[in-house]
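Spelled out from the first residue to the last, the chains are:
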Amino acid sequence: MVTPIFHVFDYQQAYEFYIEWLGFHLDWEDRPATGPLYMQVSRGDVVLHLTSHHGDSCPGSKAIAEINGLVAYHYRLVQKTHPFVRPGLEKTSWSEKVMQAEVIDPFGNRLVFVEACA
């Protein structure tokens, strides 16, 4: 298994985006009173590490997450209010048999959810 690492700058914004809006689970976190944070979030088989440690990752990273039930997940996301993100749902450019929905977090990182479709 490969785990992408996304650089984040603010714990509260990361929590609101990944946990409250995307519906990820907070698996664990290392958040000292002073210093950088490091946390793991997951949703099904999709696991991400979020860090504010200098040099761990660069802002604007991108990862592709294969999931089942993309259409239903997309519907749930667009029903929730989010001030900056309203993902589309489209066929990919590389295959007529893959759907994708891309979200951009508050720190410029992009997570592309994909699912093979009939």
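Check the entry above for the structure.
Cut-offs applied
Think of each chain on its own: its residues are numbered from 1, step by step along the sequence as written. Given that this is a predicted model, residues contribute local features only at a pLDDT of at least 70 and side-chain atom pairs are listed and counted only at 80 or more, while totals for whole chains, interfaces and linings are drawn from all residues. Values reported for side chains reflect all heavy atoms of the structure, with hydrogen atoms and water molecules removed beforehand. Any pair of Phe, Tyr and Trp rings, taking the six-membered ring for Trp, is counted once the centres come within 6.5 Å. Such a pair is stacked with planes under 30 degrees apart, edge-to-face with planes over 60 apart, and tilted for the rest. With a 1.4 Å probe rolled over the protein chains alone, any residue whose accessible area is under 20% of its type maximum counts as buried; one over 50% counts as exposed, and the rest are partly exposed. Charge over a ring is defined by NZ of Lys or CZ of Arg lying within 6 Å of the ring centre and within 35 degrees of the ring normal. The working definition used for a salt bridge is a side-chain nitrogen of Lys or Arg within 4 Å of a carboxyl oxygen of Asp or Glu. Take the buried residues of types Ala, Val, Leu, Ile, Met, Phe, Trp, Tyr and Cys, join any two whose side-chain atoms come within 4.5 Å, and each joined set is a nonpolar core. Starting at the N terminus, helices and strands are each numbered in turn, a helix being any DSSP run of H or I of at least four residues and a strand any DSSP run of E of at least two. Any two residues having at least one pair of non-hydrogen atoms within 4.5 Å are treated as being in contact. Two strands pair under a simple rule: DSSP has to find at least two bridges between them.

K.L.:
What's the story with the packing of aromatic side chains in this structure? I'm lost.
P.N.:
One pair of aromatic rings is described through two measures. These are the centre distance and the angle between the planes. One pass over the full model with this rule turns up seven aromatic pairs. Where F17 meets Y18, the ring centres are 5.0 Å apart and the plane angle is 75 degrees; that geometry is what we call edge-to-face. The class for F17 is buried, based on a relative accessible area of 2%. Over the ring of Y11 we find R31; its NZ or CZ atom is 3.6 Å from the centre of that ring.

K.L.:
Just to check I follow, could you spell out the pattern of salt bridges for this structure?
P.N.:
In total, this model carries three salt bridges according to the counting rule given. Here E29 and R31 are joined by a salt bridge, their closest N and O atoms 3.8 Å apart. With relative accessibility at 33%, the residue E29 sits in the partly exposed group. E102 is the salt-bridge partner of R110, the closest N and O atoms lying 4.0 Å from each other. For R110, a relative accessible area of 30% corresponds to the partly exposed category. By sharing partners, the salt bridges in this structure join K62, E102 and R110 into a single network.

K.L.:
Could you clarify how one ought to interpret the nonpolar core in this entry?
P.N.:
The nonpolar side chains of soluble globular proteins are, as a tendency, buried together. L22, F24, L50, V103, L111 and F113 are the most contacted members of the largest nonpolar core, which has 29 residues in total. Put simply, the parts of the chain that give this core at least two residues each are α1 (11-21), β3 (38-43), β4 (46-51), β5 (62-66), α2 (70-79), β7 (98-104) and β8 (110-116). In this view, L50 contacts F6, V8, A14, Y18, L37, Y38, M39 and V41; residues no more than four positions away in its chain are not counted.

K.L.:
I would appreciate a short explanation of the pairing of β4 in the present structure.
P.N.:
Look at any regular strand and the pattern is simple: side chains alternate between the two faces of the sheet. The buried fraction of β4 is high, at six of six residues. Bridge count between strand β1 (residues 5-7) and β4: three bridges; the pairing is parallel. Paired with I5 across the strands is H49, a residue of β4. Two elements, β3 and β4, share six bridges in a ladder whose sense is antiparallel. Following the sheet pairing, R43 is matched in β4 by V46. Between β3 and β4, which follow one another and run antiparallel, lie two residues, and G44 among them has a positive phi close to 65 degrees.

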